[in-house]
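Here are the chains, one letter per residue:
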Amino acid sequence: MTSELRLGSVVAHGVGGPETGAINIIYSYLLSEFNQDHYRYIWINQVGEELNELILKAPNNKIHINIRYPVYEDFDSKSVDEKNRIRLDVIHTALLQLAKDDKKLDVQKLEAIRRKILDHNFSFEFICKSFVCQKQLSRVASVVVCPEITMFNYYVMIEEEGKIICRLWIYSGLTDIICFSDFFSQGKWKGDNELVITGKVKEVEISIIVNECKAEFKNLTPYPKPPQFEMMKSDISKEEMEHAHKEWMHSLPPAVASVIRKAHN
């Protein structure tokens, strides 16, 4: 994934919010797959009549698109499929507008991306990163993400000579790929039967035992549960979330925690 797309809105009952995480990552991967990743960052913003439509190119190969799009007052109560299709249409319409001025973008490929998303009914699985076993080069482990509008499900998939021999669910996280970089972006094989997965946040160590196709989680923190790992789960209660957030704040250096508290206020 070399191009990152984000969808937002500045109107009441707009298409933005946490649920856009799924369509964001789907588009980001498919823009790369179809060689339409000419921009490192694309921000598409649904605006109202009070703001002008615009296409603004920024430094570092970034672009900002304001697009006027009809507002549905009942948007929040629409079905998942209806929300997905509306968000797809906003993004596709914005990219077609960009393609009018930017000939690097291929309209036929943009149409193909849209068709593929509809053909797959917004259901995709993307490989985040793969780890080749150096003692058995035909054995490859991959962390994969399946994005949904309410959560991102992460799996570990082990392949042997291209055939899947193990597939394990490991996490349901918030709708942002940051969970991958924080917890699952680093992998180290121990021999040819165990893969140890960690991330930038050193709270959890996940051992994948290949011949048993099981995952063992090791808490690396002094807390009963790793705070940030828990806090970023999508499948916990409000009370569990608040407790995890409290312990996460406690785990931070005092100066950093103070800044965060001030920002929240």
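Here, the structure is the one placed above.
Residues numbered from 1 in each chain as written. Predicted model: local features only at pLDDT ≥ 70, side-chain atom pairs only at ≥ 80, totals over all residues. Heavy atoms only, no water.

Draft legend 1. Region of the structure containing helix α1 (residues 21-33). With 13 residues, α1 should cover 18 Å at 1.5 Å per step; its first-to-last C-alpha distance of 18 Å lies within 8% of that length. The buried fraction of α1 is high, at 12 of 13 residues. Residue Asn 35 follows α1 closely and has a positive phi angle near 55°. (Helix = DSSP H or I, 4+ residues; strand = E, 2+ residues; numbered from the N terminus. Expected span 1.5 Å × (residues − 1). Buried < 20%, exposed > 50% of the residue type's maximum accessible area, 1.4 Å probe, protein only.)

Draft legend 2. Inspection of the pattern of salt bridges at higher detail. With the rule as written, the count across this model stands at 14 salt bridges. With a closest N to O distance of 3.2 Å, Glu 19 and Arg 87 form a salt bridge. Of the two residues, Glu 19 sits in the loop between β1 (4-9) and α1 while Arg 87 sits in helix α2 (residues 80-101), which places them 68 residues apart along the sequence. The class of Arg 87 is buried, set by a relative accessible area of 2%. With its nearest N and O atoms 2.8 Å apart, the salt bridge here joins Glu 160 to Arg 139. Here Arg 139 lies in strand β6 (residues 139-147) and Glu 160 lies in strand β7 (residues 152-160), a separation of 21 residues in the sequence. Relative accessible area serves as the criterion here: at 16%, Glu 160 is assigned to the buried category. Three or more residues are tied together by salt bridges with common partners; here these are Glu 4, Arg 6 and Asp 176. (Salt bridge = Lys/Arg side-chain N within 4 Å of Asp/Glu carboxyl O.)

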